[in-house]
Each structure stands twice: as C-alpha cells, then as structure tokens.
Amino acid sequence: MTSLETVHTTIYRYRHEVFLGPHRLMLRPRESRDLRLISHVVSTTPAATLTWAHDIAGNAVATATFDSPSDHLVIESRARIELTAPIWPVFSIAASAITYPFLYSSDDWTDLGALATPQYDDGEGRFSRWVEGFVSSRPTDTLSLLKDISNGVSTQISYQSREIEGTQSPLETLTRGWGSCRDFAVLLAEAARTLGFGARIVSGYLFDPENDRVGSAGSGSTHAWTEIYVPGAGWITFDPTNRSVGSKNLIPVAMAREVRQAVPVAGSFAGQGDSLIEMIVEVTVSARNFQ
C-alpha cells in the first residue's frame with residue numbers, strides 16, 4: 001500500500017478586478033478497488049459556493065460560483081489517498097476474449113457505445129493501416145496485441161511536453177512524430193477503437209518517486225493515459241507514455257470519451273480582453289504517513 005498526498009493548485013491573475021463566472025472543477029480522485037480516498041478538500045480565493053454532481057461518466061464535478069469581483073483566483077485541491085494496485089497485475093480475461101478478434105456481448109457493445117467508435121476522420125485509411133501493422137495474425141493474443149500497440153506509441157512517437165491547451169489528432173501525432181502524454185493517450189484510445197475495442201481517456205496524476213518516468217515532469221503537470229475494456233478483466237490501464245500496464249503509480253481523477261471532457265478547471269470571467277495576466281498550475285504528489 002502506498003499513502004500519498006496530492007496538491008493541485010490553479011492560479012489566475014488579472015490586471016484589474018473582473019467578475020468571475022461559474023467554474024467547472026474536475027479535481028476529486030476517483031475511488032476504486034485500487035484507490036482509497038481518505039480525504040479531499042477544495043478551497044478557493046476568493047471564496048466560492050461549491051455544488052457537486054456526477055457527470056455521465058461518473059466523475060465528481062464541482063461548480064464554483066462567486067459573489068464578488070476579484071483581481072485573482074486561486075483554486076486548490078488537496079487529497080489524501082491510498083493506492084493498493086499490484087506492481088505486476090494479472091488479468092482474468094474471459095475465455096471468449098483471450099484471442100483477438102472477439103465479439104463483445106450485446107449488452108457490453110450497447111453500453112460501450114461511442115467508447116468503441118473511432119472519433120477522428122481517417123478518410124485515406126492511413127491511421128487504420130498504421131494500427132493494422134500491430135496485428136501480426138488473426139487470431140492473436142488479445143493482451144499481447146494491446147501491449148504491442150501501447151509500447152509502439154512511445155517507440156515510434158517522441159515524447160514532448162506541451163503547455164499550450166489542446167490535443168493533437170492521432171494523424172497529427174503520427175505526422176509530427178512527437179506528442180505529449182495526452183496525445184499519446186488519444187492515439188492509443190483511437191487505435192483500440194479502430195480495432196473494435198472500447199477505450200476511454202483518463203486524466204489524473206503520476207506518482208514518480210524515482211524520477212524515472214515521463215509525462216509528468218516538473219511542477220504543473222497532470223498526466224493522461226488510456227483504459228481499454230476487455231471482457232473478464234474489465235478496464236485495463238495502459239500508460240503508453242511510460243510503456244506500463246496497470247495503475248500502481250497512477251491516480252485517476254476523470255475518465256471520458258475525449259480528453260477535452262476531462263479538463264481539471266474550466267471557467268470564464270467578464271472583463272477586458274487583456275485582463276488575464278497569467279495562469280499558473282502547480283501539482284505535487286508526495287508520499288505521506290497518515291498514521
């Protein structure tokens with residue numbers, strides 16, 4: 001078991017006082033069999049009224065509303081968690097899905113819906129040809145195939161952190177030959193969907209005490225990875241940025257069909273166009289002893 005504390009701080013500074021509109025916050029770590037949430041507190045300056053709800057994917061979403069104008073906004077999310085995921089996970093894949101291709105049950109196929117449907121245009125078939133390059137034969141081992149694609153992402157694409165907003169399309173990432181962790185996650189999810197798998201994007205934090213992983217370098221970095229649905233095993237975690245399988249060092253916050261649906265902080269303000277001076281994001285993940 002690993003006990004951790006995460007602190008995610010977002011700071012906005014304005015040239016003069018502005019009226020802050022509602023802000024949508026996706027900052028609460030997702031509890032699961034492998035993650036126990038001990039405590040979670042969101043605080044803001046200026047003070048806000050927070051209302052909580054769950055979105056269609058089951059993510060905890062807070063809406064912050066503000067009563068008075070301000071020349072700054074600070075949003076801090078502080079969580080204490082325990083991770084119990086094994087270092088070397090074993091997946092009990094159903095006999096019907098051990099080899100690819102396989103068919104999801106009618107219920108699984110209906111429920112997966114858009115999660116099993118490619119999201120990007122591939123009119124010339126370039127992306128599908130790239131994905132097919134990983135399928136050595138039919139039938140082939142399902143888990144090995146998914147590992148090969150995940151490893152292939154980081155083998156063929158160079159990692160490059162990027163602070164600007166937005167995510168590259170899979171074809172853009174292939175063409176440029178580089179991408180950030182969120183580009184890698186999108187690429188892997190689209191590859192899985194192209195082969196008929198259900199896949200979703202996960203946004204959260206990477207615990208890296210040895211500083212030997214990529215995708216969350218330095219203060220201000222969140223991380224992104226992919227989960228792929230395989231009958232029997234359920235949602236299997238793949239981190240293509242670090243060529244890893246399983247969630248031992250990953251802290252999920254939001255899961256979505258597209259990465260834009262899992263933005264940690266989104267909001268607006270009323271003021272002049274050049275009102276915003278800067279936005280700073282700081283993220284720390286550290287080991288703690290809560291006893």
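The text that follows walks through the structure, step by step, so that each part is easy to find.

**Topic: the pairing of strand β5 (residues 60-65)**
1) Next: Judged from the three bridges that link them, strand β2 (residues 23-25) and β5 form a sheet pairing that is antiparallel. Paired with Arg24 across the two strands is Thr63, which belongs to β5.
2) Next: In this sheet, β5 lies alongside strand β4 (residues 49-54) in antiparallel orientation, the contact comprising six bridges. In the sheet register, Leu50 faces β5, and the bridge partner there is Ala64.
3) Next: Following β4, the chain reverses through five residues before pairing antiparallel with β5; Gly58 in that reversal takes a positive phi of roughly 85 degrees.

**Focus: the nonpolar core**
1) Next: Trp130, Leu145, Leu195, Phe197 and Ile228 are the most contacted members of the largest nonpolar core, which totals 39 residues.
2) Next: For this core, the elements supplying multiple residues, two or more each, are α2 (126-132), α3 (142-156), α5 (181-194), β11 (198-206), β12 (223-230) and β13 (234-239).
3) Next: In terms of residue count, the dominant contributor to this core is α5 (nine residues).
4) Next: If we ignore the near neighbours within four places in the chain, the residues touching Trp130 are Val153, Gln156, Leu174, Leu187 and Ala191.

**Some thoughts on the sheet that holds β5**
In a beta sheet, neighbouring strands pair by backbone hydrogen bonds and run either parallel or antiparallel.
1) Next: In space, the four strands of this open sheet follow the order β4-β5-β2-β16, with antiparallel pairing throughout. Bordering the open sheet on either side are β4 and β16 (265-266), each of which pairs with just one other strand.

**A short note on the pattern of salt bridges**
1) Next: Tallying each qualifying case throughout the model produces 13 salt bridges.
2) Next: In this structure, Glu132 and Arg138 form a salt bridge, with 2.9 Å as the shortest nitrogen-oxygen distance.
3) Next: Of the residues examined, Glu132 reaches a relative accessible area of 34% and is grouped as partly exposed.
4) Next: Sharing partners across several salt bridges, the network here consists of Glu5, Glu76, Arg78, Arg80 and Arg288.

**Some remarks on the environment of Trp130**
1) Next: One can find Trp130 in helix α2.
2) Next: Put simply, Trp130 and Ala60 are 70 residues apart on the chain and 36 Å apart in space, counted from C-alpha to C-alpha.

**Some points on the sheet that holds strand β14 (residues 244-245)**
1) Next: Spatially, β14-β13-β12-β11-β15 is the arrangement adopted by the five strands of the open sheet, whose pairing is antiparallel. This sheet does not close on itself; its edge strands, each paired only once, are β14 and β15 (250-256).
2) Next: Here α5 sits on the sheet and contacts β11, β12 and β13; the angle it forms with β12, its principal contact strand, is near 15 degrees.

**A short note on the side chain of Glu5**
1) Next: Residue placement: Glu5 occurs in strand β1 (residues 2-20).
2) Next: Judged by relative accessible area, Glu5 falls into the buried class, the value being 8%.
3) Next: Side-chain polar atoms of Glu5 contact the side chain of Arg288, separated by 3.4 Å.

**Let's talk about a nonpolar patch on the surface**
1) Next: Judged by side-chain polarity, Phe269, Leu276 and Met279 come together as a nonpolar surface patch covering roughly 240 Å² of accessible area.
2) Next: Of note, Leu276 is situated in strand β18 (residues 276-287).
3) Next: Its relative accessible area of 35% is what places Leu276 among the partly exposed residues.

**What to know about α3**
1) Next: Its 15 residues give α3 an end-to-end C-alpha distance of 21 Å, which sits within 8% of 21 Å, the value for a rise of 1.5 Å per residue.
2) Next: Looking at where α3 begins, the residue whose side-chain oxygen comes 3.4 Å from the main-chain nitrogen of Leu143 is Asp141.

**Regarding α5**
Helical periodicity: at 3.6 residues per turn, an α-helix aligns residues three or four positions apart in one direction.
1) Next: A rise of 1.5 Å per residue sets the reference length of α5, with its 14 residues, at 20 Å; its end C-alpha atoms lie 20 Å apart and thus fit the reference within 8%.
2) Next: Across the 14 residues of α5, 13 count as buried, placing the element largely inside the fold.
3) Next: Trailing α5 by a residue or two, Gly196 shows a phi angle of about 95 degrees, which is positive.

**Quick word on the side chain of Thr2**
1) Next: Structurally, Thr2 can be placed in strand β1.
2) Next: For Thr2, a relative accessible area of 18% puts it in the buried group.

Definitions and cut-offs
Residues numbered from 1 in each chain as written. Predicted model: local features only at pLDDT ≥ 70, side-chain atom pairs only at ≥ 80, totals over all residues. Heavy atoms only, no water. Pairing = 2+ DSSP bridges. Helix = DSSP H or I, 4+ residues; strand = E, 2+ residues; numbered from the N terminus. Core = buried A, V, L, I, M, F, W, Y, C linked by side-chain atoms within 4.5 Å. Buried < 20%, exposed > 50% of the residue type's maximum accessible area, 1.4 Å probe, protein only. Contact = heavy atoms within 4.5 Å. Salt bridge = Lys/Arg side-chain N within 4 Å of Asp/Glu carboxyl O. Axes fitted to C-alpha atoms, helices over the stretch in contact; angles between N-to-C directions. Polar contact = N/O pair within 3.5 Å; in protein donor to acceptor, adjacent residues only side chain to side chain. Patch = residues over 30% accessible without salt bridge, like charges linked within 9 Å, V, L, I, M, F, W, Y side chains within 5 Å. Areas by Shrake-Rupley, 256 points an atom, 1.4 Å probe, with all protein chains shown as cover. Expected span 1.5 Å × (residues − 1).

Geometric values such as these leave the question of function open.
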